[in-house]
Each structure stands twice: as C-alpha cells, then as structure tokens.
Amino acid sequence: MFFASDNAGPVLPEVMNALQEANQGYALGYGNDDLTQAVTAHIREIFEAPDACVYLVPTGTAANALALACLAQPYQTIFCAPMAHIHEDECAAPEFYSGAKLTPVGADDKITPADLKAEIERALERGFQGVRPGAVSISQVTEFGQVYSLDEIKALSDVARAYDLPLHLDGARFANALSALGTTAAEMTWKAGVDAVSFGGTKNGCMGVEAVVLFDASKADEFEARRKRGGHLFSKHRYLAAQMQGYLANDLWLGTAAKANGAAQRLIDGLRAIEGVVFDYTPQANVLFCALPLAAHARLQEAGAVYYALHASDTHQHVRLVCDWATSDAAVDQFLGLVKG
C-alpha cells in the first residue's frame, strides 16, 4: 500500500529492456547518437510538430528551469499558481537559472484568466521600478490533482498572448492529464497556445528522463547553451534516449497513465462511498487530496500504508494519495478496507 508518490514506483520493464539494448557497443555522446535522433523525432511526431526542438534532461526541475530560462529575462517575472511545483518544490531553480522572479497568481491550485490579467496589470502599473511581465507557467496535472481543460488552457493563452507573454506547461504528469482529457498532445499544447512543454517520463515509469519541447525554434541555441552551462547535458546521452524509447514505444506511456488514473479512480470511488471521508479538491487524474477520519488514519499507519500526511484537525487527517502504473487493485482494496474499518 504505497500511495506517497508516483516517482517512487518501479521502472517499467520495457524501459529497463531498452536500457539493456542500448548498452551494447559504442555510441557518440552528448546526444549525437542515432537513438537520440530517433527518439526526438518520435516526440515531434507525438506532438504533431515537425519543427519543434526537443531536448532530453534527467529531471523535471531541470526541464522546468531550463525551459523557463529561455522564456523570461532576469528583469522579468514568471506568473504561476501559488502551489506550482516551480514555486514550492524546486528550491528556486527557475529563478536561479532564469534570474526572473516568480509571481503567484490567485489563491487556488489553478490560475484563472481574470486573476492572470489582474496580476499582469499590477506588474505593469509598477512602471520602470517594478518587475516586468515575462512568461506564464501552468502545471498539468496541477499539484492538487486537478486538470486544466483545453478551453481553460486556451483562455489563459489568450491572456498571455494579449501581453506578448509565452506560456509554459509543466507536464510532469503530462500523460495522466492527456488520458484524463482524452485528447492529443498537440491539442493540449501548441494548438491551445502553449509555447514550451516539460514532457514528463519519470513519474510514469521511467528511471529518470524528461523532455523539453520548444515550439519556437529560435530558442534552440539558447537552450543548448543553458543545458550545458547548467550541467544537465549527459555525455552518455543514449541512456536518457533509451528510457524514452522504451517509454514511448507502442504507446506504452499512454497505457501506463491510463492504468495509474484507473487505479486512482478505483480509490476515489471507494473513498466516496465511505462515511466521514471528505475530498479537499475534485480529483481528476492520479493524485487526490482528502481528509480521513483520525481512526482510519491510525489503522492505515499501523498496517504500514505509506502516503503523505498533511495537516490534521480534531476529527480528520488530511492526506495526499497518488497512484502510479504499478498500483494494484489489491493494494487499493486493502487500503479502502482499512479506511472503512
């Protein structure tokens, strides 16, 4: 019963096999190998963007920080949700790499067009003494397990475009959002007005690889320089590419996301049927936040269930639960049985 995070789950067998196959003989380094070229071409096909620039990096923090550094200047600000990963969980890496300031927008897990417009106007009102608007970043899936609809992304993009600001999408759980919406990578990104994507693999079955997809080819040279200067260019780059190859082959990445979302839905349905369980946010993918009765939390802890316990009240323990591709029905049912008591 491990529901702490999808980054703690096992690596997909197909990814391990791809790594083993890539570990034969010699290959040029720094992304000049044939495997990297094939994988980046495959990602362009997935996004229906033949002119996009695609780069592999080892972590989601690197993907977000390097992408945003190419979108915003040091004297500018990047607008994001208050609980965005780039704001709360990356030790100011986006600010370190870009030099730009992060500005939280609104008070919810999702940015609204009205709040974004108001925050941009507030920055502009400061004149030459204030930080200038630079870029907008959204998380898909959000940190609290919500998913932006295509219309919501488009509406945010329209606001950003009105002020000539690029839109970045942190897609650490990109596949889970795609599965939840039943759409395509292109429709959820550049067709909706997104300029750059951090395309996650680690949380969905890879060992450690993310892809940065830049739809503006003019940013390519800067990204390559920043990646090297920041220490995120692997010499044995084929081992990043091999992971992504195994992950993408035969649409495995979509299947694993559907499994994770399905496990989460089984958990959600079961929790909703138990008296005393309260959801803090409406779960839409594979992450859920809810409050469990204190007695249920105690039973789970005694049985060895692993999850993040957040704040508590006199009657409930608020928790975060996350399912991944390997979460079994048996684990979900055992968890539900303990909650029920």
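Since the structure is predicted, the reported quantities are computational estimates derived from the model, not experimental observations. (Residues numbered from 1 in each chain as written. Predicted model: local features only at pLDDT ≥ 70, side-chain atom pairs only at ≥ 80, totals over all residues. Heavy atoms only, no water.)

(A) Highlighting the sheet that holds strand E11 (residues 316-322). In space, the 4 strands of this open sheet follow the order E8-E9-E11-E10, with antiparallel pairing throughout. Every interior strand has two partners, whereas the edge strands, strand E8 (278-279) and strand E10 (308-312), have only one. Sheet topology places E8 next to strand E9 (residues 287-293); 2 bridges connect them, and they run antiparallel. Bridged to Phe279 within E9 is Cys290. Along the sheet, helix H12 (residues 252-272) contacts E8, E9 and E11; its crossing angle with E9, the most-contacted strand, is approximately 25 degrees. Against the sheet, helix H13 (residues 294-303) touches E9, E10 and E11, its axis set at about 110 degrees to E9. (Pairing = 2+ DSSP bridges. Helix = DSSP H or I, 4+ residues; strand = E, 2+ residues; numbered from the N terminus. Contact = heavy atoms within 4.5 Å. Axes fitted to C-alpha atoms, helices over the stretch in contact; angles between N-to-C directions.)

(B) Region of interest: the side chain of His316. Mapped onto the elements, His316 comes out in strand E11. If we ignore the near neighbours within four places in the chain, the residues touching His316 are Gly276, Val278, Ala291, Leu292, Pro293 and Leu294.

(C) Spotlight on the sheet that holds strand E7 (residues 210-214). Spatially, 7 strands are ordered E1-E7-E6-E5-E4-E2-E3 in an open sheet, and the strand pairing comes out mixed. The sheet is open, and its two edges are formed by strand E1 (53-57) and strand E3 (101-104), each paired on a single side. Taking each pair of neighbouring strands and ignoring which way they run, the sheet shows an average axis angle of 25 degrees. On the sheet, helix H11 (residues 238-248) packs against E1, strand E6 (196-200) and E7 and is oriented at approximately 110 degrees with respect to E1.

(D) Region of the structure containing helix H7 (residues 150-162). With 13 residues, H7 extends 18 Å between its outermost C-alpha atoms, agreeing within 8% with the 18 Å of an ideal straight helix rising 1.5 Å per residue. Ile153, Leu156, Ser157, Val159 and Ala160 are the residues of H7 that are buried. Around the axis of H7, the buried residues are gathered within 160 degrees of arc, so they sit on the same side. Residues of H7 that are exposed and angled more than 90 degrees away from the buried face: Asp151 and Ala162. Buried-residue contacts for H7 involve helix H6 (113-125), strand E4 (132-139), strand E5 (167-171) and helix H9 (185-188). (Expected span 1.5 Å × (residues − 1). Buried < 20%, exposed > 50% of the residue type's maximum accessible area, 1.4 Å probe, protein only. Arc of directions from axis to C-beta.)

(E) Quick peek at unusual backbone geometry. Of the consecutive residues Gln140 and Val141, the connecting peptide bond is found in the cis state with omega at 10 degrees. Following the sequence through the fold, Val141 ends up in the loop between E4 and H7. In this structure, Ala92 takes a positive phi of about 65 degrees despite not being glycine. Among the secondary structure elements, Ala92 is positioned in the loop between helix H4 (85-88) and helix H5 (93-98).

(F) Structural context of the packing of aromatic side chains. Following the criterion strictly, the structure yields 13 aromatic pairs and no others. Ring centres of Phe3 and Phe335 lie 5.0 Å apart, and the angle between their planes is 65 degrees; on these two criteria the pair is classed as edge-to-face. Residue Phe3 is located in the segment before helix H1 (13-22), and its partner Phe335 is located in helix H14 (residues 329-340); the two are separated by 332 residues in the primary sequence. Each of the two residues, Phe3 as well as Phe335, counts as buried. (Phe/Tyr/Trp six-rings, centres within 6.5 Å; stacked < 30°, edge-to-face > 60°.)

(G) View of the pairing of E4. E4 sits mainly inside the fold: 7 of its 8 residues count as buried. In this structure, strand E2 (residues 76-80) lies alongside E4, joined through 4 bridges in parallel fashion. Paired with Phe79 across the bridge in E4 is Val136. For the segment spanning E4, H7 and E5, crossover handedness is right-handed. (Right-handed = clockwise from strand over helix to strand, strands pointing away.)

(H) Structural detail: the packing of helix H2 (residues 34-46) against H11. At a minimum axis distance of 9 Å, the contact between H2 and H11 shows a crossing angle of 40 degrees. Put simply, H2 runs oblique to H11. Along this stretch, H2 crosses H11, giving a crossing that reads as left-handed. Listed contacts from H11 to Leu35, Thr36, Val39, His42, Ile43 and Ile46 of H2 are Arg238, Ala241, Ala242, Met244, Gln245 and Leu248. Residue classes in the contact of H2 with H11 are distributed as 8 nonpolar, 3 polar and 1 charged. (Parallel < 35°, antiparallel > 145°, perpendicular 65-115°, else oblique. Left-handed = near helix turned anticlockwise from the far one by under 90°. Nonpolar A, V, L, I, M, F, W, Y, C, P; charged D, E, K, R; others polar.)

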